[in-house]
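Given next are the chains, with one letter for each unit.
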Amino acid sequence: MDRKRARGGLSLSGSGGQRVNQAPNDSPSRRSLSLRLRLALWSAALAGGALLGFALLSGWLIYQARLDSLDARLQSAGPLGRPGGSGGPSDRNPRDRPTFPADPEAALAQELDLPAHAEVGLLLVNRAGEVVYQSPQWPSALTHISPRPGFREGSRSPRGPRRLMTVQSANGPWRVAVRSTPAGQLAIAANLNALRQEMATLRRIYALTIPGLLLVIGGGAWVLAGQALRPVRQLSQSISQVTAQGLHQRLPAATDPEFTPLIAAFNAMLERLERSFHQTSRFSGDAAHELKTPLTILQGELERAMQQVETGSAAQQTLGQLLDQVHQLSSIVRKLLLLSLADAGQMSIQRQPVDFSALVQDQLEDLSLLAPDLAVGAGIEPGVRVMGDRDLLGQVVQNLITNAAKYNRPQGWVRVAVNRTNSRVQLTLTNATTPLTAAEASRLFDRFYRGEPSRARQTEGLGLGLSLAREIARAHGGDLVLTPSPAGEARFELHLPLSSN
């Protein structure tokens, strides 16, 4: 901001200042932040940039204005040295001998409208180049002024007027103005430390007020962003309540016009999903229901034909294989019908107190016949009762135990535990198995999904057992989940409400 100029063709020797550019800090790395926090931070950053720009611009303008005002006063200050006084012995013309007040610096400070303690200085050089007067505090960096060769008073340099400059000295920067007087060349200087102190005070004020303003702006932006995003949170809560059994629900119309198209599009999507879901469920249920009668008739005819053929003949073996396939088809139809009813929320449950401990114990006895080479460990708390459908709950436990036997390792093991936890009953079934990948674990409850190991070993099954077991558990107010376990193990947990009786 300091300027170096000279007028009147005078050459001034002095030392200049240096400017150091500070490299900007690296921008912080982007992090995963919430939209509300990002809005607040962006608002604070934009406001901080605006305030910083205002502080820099206003500070520069104020400094320039004060400096221009000082320049004008330095240039318009009246001559303190007048001819006719007592000069030095080297004065050639007695009429050109200047006179000075008793304290010329104090008089100059008063004329420049500066505080009494402000540092000002005078340097008067006569036409012969001799120093007539020099203030004690005159900047040591400026020791000589002289007219340029060929300079005449009132003329201008070809490069324009140059009568002002800023020089550095041991006691700070000085603003110097030089002009010609009848007594010679007069240089008037004022120390800029007072102006620099004023600007430092202004910078401290900015440094104290701007962070506070940024906190206020950031807090206000946080509150406003929360108010603006409230409809989004309400919309998210409404969407999270929509389930497969509640596709008939619709989101209420928004009061804000910005969200009206979004809600309308989501409600239209729900309508399409509801229609497609009902069509799929109806098709599965109708197909399963229509297949029950033909399969029942086919099963009866095959059983009658087996009784009519010779025992142990090839025809009887063929009919037996066909009957096994019919039984498998009947099982598929029954499971599909149950799943379609579960999807529609119409699964019929005959609730009654069920001795769950005895139910699990009976299924474990069947496991010893199904897989006699497996080591079975049981920790069943006696007398645990639940309220539910005994047949459906038995199918759940049977599916879990059968699944543990099918997908076990050779000479593997199975552990079953039943216990009460608060108002819930928990069945934990753990079995040895080949390590499951994350993709396989995420799809175990998908319908008709059978992992690659099961296909490679040609294990019997349709991939409906776990899906049906979970739907039955949920229909009873519980759930069936696959919990984390060490490598080489699979652990399922069945949660059911505890019977109040």
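Procedures and definitions
- Residues numbered from 1 in each chain as written.
- Predicted model: local features only at pLDDT ≥ 70, side-chain atom pairs only at ≥ 80, totals over all residues.
- Heavy atoms only, no water.
- Helix = DSSP H or I, 4+ residues; strand = E, 2+ residues; numbered from the N terminus.
- Buried < 20%, exposed > 50% of the residue type's maximum accessible area, 1.4 Å probe, protein only.
- Contact = heavy atoms within 4.5 Å.
- Areas by Shrake-Rupley, 256 points an atom, 1.4 Å probe, with all protein chains shown as cover.
- Pairing = 2+ DSSP bridges.
- Axes fitted to C-alpha atoms, helices over the stretch in contact; angles between N-to-C directions.
- Core = buried A, V, L, I, M, F, W, Y, C linked by side-chain atoms within 4.5 Å.
- Salt bridge = Lys/Arg side-chain N within 4 Å of Asp/Glu carboxyl O.
- Patch = residues over 30% accessible without salt bridge, like charges linked within 9 Å, V, L, I, M, F, W, Y side chains within 5 Å.
- Phe/Tyr/Trp six-rings, centres within 6.5 Å; stacked < 30°, edge-to-face > 60°.
- Parallel < 35°, antiparallel > 145°, perpendicular 65-115°, else oblique.
- Left-handed = near helix turned anticlockwise from the far one by under 90°.
- Nonpolar A, V, L, I, M, F, W, Y, C, P; charged D, E, K, R; others polar.
- pLDDT = per-residue confidence, 0-100.
- Expected span 1.5 Å × (residues − 1).
- Polar contact = N/O pair within 3.5 Å; in protein donor to acceptor, adjacent residues only side chain to side chain.

J.: An account of the overall build of the chain is requested, with residue identities and associated values reported.
T.: Within the chain one finds 10 helices and 16 strands. Out of the 501 residues belonging to the chain, those deemed buried represent 38%. In the chain, of all internal contacts separated by at least 6 residues, the share reaching a separation of at least 24 is 67%. Roughly 29,500 Å² of accessible area belongs to the chain as shown, and the carbon and sulfur atoms make up 55% of that amount.

J.: Break down the sheet that holds strand β11 (residues 375-380) for me, citing the residues and quoting the values.
T.: Here we have five strands laid out as an open sheet, ordered β11-β13-β14-β16-β15, and mixed in their pairing. Edge positions in the sheet fall to β11 and β15 (479-483), since each has one partner strand and no second. Ignoring which end each strand starts from, the neighbouring axes of this sheet average 15 degrees apart. Where strand β14 (residues 424-432) meets strand β16 (residues 489-497), nine bridges bridge the pair, whose relative direction is antiparallel. Of the residues in β16, the one forming a bridge with L429 is F492. Docked against the sheet, helix α6 (residues 356-370) engages β11, β13 (413-421), β14 and β16, running at close to 175 degrees with respect to β11. Relative to the sheet, helix α10 (residues 465-475) contacts β15 and β16, its axis offset from that of β15 by approximately 130 degrees.

J.: Got a sec to walk through the nonpolar core? Specific residues and values, please.
T.: The biggest cluster of nonpolar side chains holds 41 residues, and the ones touching the most others in it are F356, V360, L400, L427, L480, F492 and L494. Listed by contribution, the elements that provide at least two residues to this core are α5 (314-343), α6, α7 (390-406), β13, β14, α10 and β16. Among the elements that take part in this core, α7 stands out by supplying eight residues, more than any other. With sequence-adjacent residues up to four places away left out, F356 is seen in contact with V384, R385, V386, V397, V418, V425, L427, L494 and L496. One finds L74, V120, M199 and Y206 within the second-largest nonpolar core, a separate group that totals 25 residues.

J.: Tell me about the pattern of salt bridges, residues and numbers included.
T.: Where side chains of opposite charge bring their charged atoms close, a pairing between them can arise. A complete count under the given rule lists seven salt bridges for this structure. Between D71 and R175 there is a salt bridge whose closest N-O contact spans 2.8 Å. Taken as a pair, D71 in helix α1 (residues 35-76) and R175 in strand β8 (residues 172-181) lie far apart in primary sequence, 104 residues in all. You can call R175 buried: its relative accessible area is 0%.

J.: If you had to explain the sheet that holds strand β9 (residues 184-191) to someone new, which residues and values would you point to?
T.: What holds strands together in a sheet is hydrogen bonding between their backbones, with the strands either parallel or antiparallel. Spatial ordering of the open sheet is given by β5-β4-β9-β8-β7, a layout of five strands whose pairing is antiparallel. The strands lining the two open edges of the sheet, one partner per strand, are β5 (131-134) and β7 (164-169). Each neighbouring strand pair of the sheet contributes to a mean axis angle of 20 degrees, computed without reference to strand direction. Inspection of the sheet shows β7 paired to β8 by six bridges, in the antiparallel sense. By the bridge assignment, V167 is partnered in β8 with W174. Lying on the sheet, α1 is in contact with β7, β8 and β9; it crosses β8 at an angle near 35 degrees.

J.: Please set out a nonpolar patch on the surface residue by residue, giving values where relevant.
T.: Where nonpolar side chains cluster on the molecular surface, the patch consists of L57, W60 and L61 and spans about 310 Å² of accessible area. The topology assignment puts L57 in helix α1.

J.: Lay out the packing of aromatic side chains with the relevant residues and their values.
T.: Going through the model one piece at a time under the given rule, you end up with two aromatic pairs. Arranged with centres 6.2 Å apart and planes meeting at 80 degrees, the rings of F445 and F492 form a pair that is edge-to-face. Separated by 47 residues along the polypeptide, F445 in the loop between α8 (438-442) and α9 (452-456) and F492 in strand β16 bring together distant segments of the chain.

J.: Which residues make up the packing of α1 against helix α3 (residues 193-240), and what values do they have?
T.: The interhelical angle for the contact between α1 and α3, taken along N-to-C directions, is 160 degrees, at an axis separation of 8 Å. Considered as vectors, α1 and α3 are oriented roughly antiparallel to each other. The crossing of α1 and α3 is right-handed. Across the contact of α1 with α3, the residue classes tally to 25 nonpolar, six polar and four charged.

J.: Outline the confidence of the model for the chain, supporting the account with residue identities and numerical values.
T.: Averaged over the chain, the pLDDT score is 76; the fraction of residues at 70 or greater is 78%. Across residues 147-162, where pLDDT falls below 50, the model places 22 contacts with residues more than four positions away in sequence or in other chains.

J.: Please give an account of α7 that cites residues and values.
T.: In a regular helix each residue adds 1.5 Å, so 17 residues correspond to 24 Å; α7 covers 24 Å between its end C-alpha atoms and thus fits that length. Three or more residues of α7 are buried, namely L392, L393, G394, Q395, V396, V397, N399, L400, I401, N403, A404 and A405. Its side-chain oxygen 3.0 Å from the backbone nitrogen of D391, D389 forms the N-cap of α7.

J.: Go over the pairing of β16 with me, naming the residues and quoting the values.
T.: Each regular strand shows side chains that alternate between the opposite faces of the sheet. Relative to β16, β15 is paired through five bridges, and the arrangement is antiparallel. Note on β16: the bridge partner recorded for T483 is R491. Linkage of β15 to β16, two consecutive antiparallel strands, is achieved through a turn of five residues, within which G488 is found at a positive phi near 85 degrees.

J.: For the pairing of β8, give the residues involved together with the corresponding values.
T.: Judged by how many residues are buried, β8 sits mostly within the fold: nine of 10 residues are covered. Connecting β7 to the next strand, β8, in antiparallel fashion are two residues. With eight bridges connecting them, β8 and β9 associate as antiparallel partners. Bridging from a neighbouring strand, T181 pairs with G184 of β9. Counted between consecutive antiparallel strands, the loop separating β8 from β9 contains two residues.

J.: So, the environment of Q352: which residues are in play, and what are the values?
T.: Structurally, the position occupied by Q352 is in strand β10 (residues 352-355). Judged by its relative accessible area of 42%, Q352 falls in the partly exposed class. Taking the C-alpha atoms as reference, Q352 lies 9.9 Å from R385; in sequence the two are 33 residues apart. With residues up to four places along the chain from it excluded, the contact list for Q352 reads V386, M387, G388 and R390.

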